[in-house]
Amino acid sequence: MPNIRSNISFGLVNIPVILNPIVKNNDTSFNQLHKKCLGRISYRKYCPICKMDLKESDIIKAYRFEKEEYLEFSKKELEDLKPDNTGEIEIVSFVSLKDIEPSYFEKSYQLQPENKSRAYPLFVKALSKTNLVGLCKTILNNKFYYAILRLYDTKIILTTLFFDEEIRFKEAEVTTKIDNKELDLAIRLIESLKGVFEPEKYRDEYQDKVKEAIDAKLKGKKVVKSKKRTKKEVTDLMKALEKSLKK
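Rules used throughout
Residues numbered from 1 in each chain as written. Predicted model: local features only at pLDDT ≥ 70, side-chain atom pairs only at ≥ 80, totals over all residues. Heavy atoms only, no water. Core = buried A, V, L, I, M, F, W, Y, C linked by side-chain atoms within 4.5 Å. Buried < 20%, exposed > 50% of the residue type's maximum accessible area, 1.4 Å probe, protein only. Helix = DSSP H or I, 4+ residues; strand = E, 2+ residues; numbered from the N terminus. Contact = heavy atoms within 4.5 Å. Pairing = 2+ DSSP bridges. Axes fitted to C-alpha atoms, helices over the stretch in contact; angles between N-to-C directions. Patch = residues over 30% accessible without salt bridge, like charges linked within 9 Å, V, L, I, M, F, W, Y side chains within 5 Å. Areas by Shrake-Rupley, 256 points an atom, 1.4 Å probe, with all protein chains shown as cover. Salt bridge = Lys/Arg side-chain N within 4 Å of Asp/Glu carboxyl O. Phe/Tyr/Trp six-rings, centres within 6.5 Å; stacked < 30°, edge-to-face > 60°. pLDDT = per-residue confidence, 0-100.

Soluble globular proteins tend to pack their nonpolar side chains together in the buried interior. In terms of nonpolar packing, the biggest core is built from 20 residues, with Ile-8, Ile-89, Leu-111, Leu-149 and Leu-158 touching the most fellow members. Where this core is concerned, the elements lending two or more residues are strand S2 (13-21), strand S7 (89-95), strand S8 (105-113), helix H2 (119-130), strand S9 (133-140), strand S10 (143-152) and strand S11 (155-161). Per-element tally for this core: the top contributor is H2, with five residues. Excluding residues that lie within four positions of it along the chain, Ile-8 makes contacts with Val-13, Asn-14, Ile-15, Val-17, Ile-89, Ile-91, Leu-111, Phe-123, Leu-149 and Ile-156. Residues Ile-100, Tyr-104, Ile-148 and Ile-167 belong to the second largest nonpolar core, which totals six residues.

Here it is in structure tokens:
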């Protein structure tokens, strides 16, 4: 996705910014081929009723409200439904980050100042001092979002949020009585594995193996099967905790 020009708006303050996607998909891309001739598989826009291929201009959007019953919408009708804050990041409130469950986080963008206005560094400093994040609404790629503006070092990060109806938590009742000795061992095990989050150390092991396999096949070598670790299951919880601590 290309960089997006926008502006942060709160009160009467406007801060021109450029949104840069932070996440880059690391997955290795594979093509689907016909096994017989190695021809690439194509995907057609085909009408099974008229038995013909369609052009983009032949296609309309419609909502199915009953089986085989549709409500047609024109492009203009859908355009007219869009909110009027396109191209703007409108802050509606400032909240504490710890009050937002991480399951609501979707995609993140870095916001860079578009000019040398004092408003951007001032906003960074104010967020740092208040220890709050800006709850805002905006439109990205023709989709309406609520999002948060937060600090990472001295950078402003916009993270889009899932809506409440998109998050599904199931009720989980824990009625099992907890043994104090088991709890003590579990806490000790957690503390023994305590560390610091260092993302540069964590590699996508599967994608690394895929890239190694591609390199091997290009050199005419065989793909080596990954070794599977055997893990002996311990059914006794106390023994499992004790053995884990010894390791």
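Structure shown, so let's carry the discussion forward.
Pairing is mixed around the closed barrel formed by seven strands, whose spatial order is S1-S2-S8-S11-S10-S9-S7. Sheet twist, expressed as the mean angle between neighbouring strand axes with direction ignored, is 40°. Examined bridge by bridge, S9 and S10 share seven bridges and lie antiparallel to one another. Bridge pairing in S10 links Thr-138 to Tyr-145. Contacts between H2 and the sheet are confined to strand S1 (4-10), S2, S7, S8, S9, S10 and S11, with S10 contributing the most and set at about 75° to the helix.

Judged by side-chain polarity, Tyr-63, Phe-65, Leu-71, Phe-73, Leu-78 and Leu-81 come together as a nonpolar surface patch covering roughly 580 Å² of accessible area. Going through the elements one at a time, strand S5 (61-66) and strand S6 (69-73) are the ones with two or more residues in the nonpolar patch.

Moving on, we come to the packing of aromatic side chains. If you walk through the whole model with that rule in mind, you get seven aromatic pairs. Here Phe-144 and Phe-163 contribute two aromatic rings whose centre-to-centre distance is 6.4 Å and whose plane-to-plane angle is 15°, an arrangement assigned as stacked. Here the residue Phe-144 occupies a position in strand S10, and Phe-163 occupies one in the loop between S11 and helix H3 (180-192), the gap between them amounting to 19 residues. Three or more aromatic residues joined by ring pairs form one cluster here, namely Phe-10, Phe-94 and Phe-123.

The pairing of S2 with S8 spans five bridges and is classified as antiparallel. Its bridge partner lying in S8, Val-17 is registered against Pro-113. Note: S8 against S11, five bridges, orientation antiparallel. By the bridge assignment, Gln-110 is partnered in S11 with Ile-157.

What follows deals with the confidence of the model for the protein. Taken as a whole, the protein shows an average pLDDT of 86; of its residues, 94% reach a score of 70 or greater. S11 holds the highest mean pLDDT among the elements of the protein, 95, whereas helix H5 (residues 237-246) holds the lowest, 76.

Once that is clear, we can look at the pattern of salt bridges. Inspection of every chain in the model, using the stated rule, returns 10 salt bridges. When the shortest N-O distance is used, the salt bridge between Lys-98 and Asp-99 registers 3.9 Å. What makes Lys-98 exposed here is its relative accessible area of 72%. Residue Asp-153 pairs with Lys-155 through a salt bridge whose shortest N-O separation is 3.8 Å. Of the residues examined, Asp-153 reaches a relative accessible area of 58% and is grouped as exposed. Residue class for Lys-155 comes out partly exposed when judged on its relative accessible area of 27%.

Examined against the element boundaries, Ala-186 turns out to sit in helix H3. According to the relative accessible area criterion, Ala-186 is partly exposed, its value standing at 25%. Considering only alpha carbons, one finds Ala-186 and Ala-240, 54 residues apart in sequence, at a separation of 10.0 Å.

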